[in-house]
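# Chain and residue survey
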Amino acid sequence: MDAPVDFDGLCKLGRRALRERKPKQALQFFEQARLLDDSNADVHESLGTAHFIAGTYDEAVKHFQRVQKLEPRRSSAFVNLGAAYNRKGDYQKAIDVLRRCVSVDKKCAEAYYNIGIAYRKLKQPALAVPAYKEAIRLNPNMADAYLNLGNAYAEMNNLQQAMIHFKRALEIDPDFEKAKRGLAEAEAAATAGKKAISPFGRLVSDQDLAAASAASVPARNLSEPERIADRQALRDIHSSLKNEMQGLGWLAR
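This one's a predicted model, so the numbers in the text were calculated from it and none came from an experiment.

### Considerations on helix H5 (residues 75–88)
With 14 residues, H5 ought to run about 20 Å at 1.5 Å a step, and its terminal C-alpha atoms sit 20 Å apart, in line with that. Within H5, ten of the 14 residues are buried, leaving the element largely enclosed by the surrounding structure. Those residues of H5 that fall on the buried side of the exposure criterion are Ser75, Ala77, Phe78, Val79, Leu81, Gly82, Ala83, Ala84, Tyr85 and Asn86. Turning to H5, the residues buried within the fold contact helix H3 (41–54), helix H4 (57–70), helix H6 (91–104) and helix H7 (109–121).

The following block contains the structure:
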């Protein structure tokens, strides 16, 4: 049976191909539909989506830009264009476009999510954090936002917050492998950090103590002025250490 040549039939087949993640088939159907109506924003958005899935991001950008011209207030066009710029590595362009999206639709969680991605790629995790948080506020079930918020905190070496958000992603999606991996890596880094850091300095090993006990230490015969000087030196050392520890918050004031 021949494929339908009418506009609606082509769009229906194209949408089915997109749902089945068959971008090449979707492109064929929507290109035929575009020949029938080149001013249809939905067709260009679908063509952009198919190119995005296929990895042909330059073409995706062209179609999403066309949607913007046809319907300047369609927020999905801004989000999709921003996502395509992110995939192309044009992160500052992505941020500019996505900020425009937020000015059109302040409740678009996907826009904030993609802003977060751009800032992380620009090595600015501190700016990515509020973007991901806003995405989560608008869509509390966005597991990807929790995952990437955890990644941003990990990049800032805030491992406790990273673990909290990896766990939240897993509460939403228990089979989320990237979140499992992120949590395991953050927990391992936190454990390694605890082992490496001791506020009291280097501890003496049993072998060191045994060697010290076995060594003979000659006694000193001190005069009274020497004893007084030694006691004063010890008091000065004790006072200095106490001040340093108070400054670090280890002693009550």
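### Some points on unusual backbone geometry
Even without glycine at this site, Lys123 takes up a positive phi of about 60°. You can see Lys123 is positioned in the loop between H7 and helix H8 (125–138). Non-glycine residue Asn157 carries a positive phi angle of around 65°. As for its position among the elements, Asn157 is in the loop between helix H9 (143–155) and helix H10 (159–172). By relative accessible area, Asn157 is classed as exposed at 63%.

### Describing the environment of Pro125
Mapped onto the secondary structure, Pro125 falls in helix H8. In this structure, the C-alpha to C-alpha distance between Pro125 and Leu149, residues 24 residues apart in sequence, is 8.8 Å. Ignoring any residue separated from it by four or fewer positions in sequence, one finds Pro125 in contact with Tyr119, Ala152, Glu155 and Met156.

Calculation notes
- Residues numbered from 1 in each chain as written.
- Predicted model: local features only at pLDDT ≥ 70, side-chain atom pairs only at ≥ 80, totals over all residues.
- Heavy atoms only, no water.
- Helix = DSSP H or I, 4+ residues; strand = E, 2+ residues; numbered from the N terminus.
- Expected span 1.5 Å × (residues − 1).
- Buried < 20%, exposed > 50% of the residue type's maximum accessible area, 1.4 Å probe, protein only.
- Contact = heavy atoms within 4.5 Å.

These values are about where atoms sit, not about what they do.
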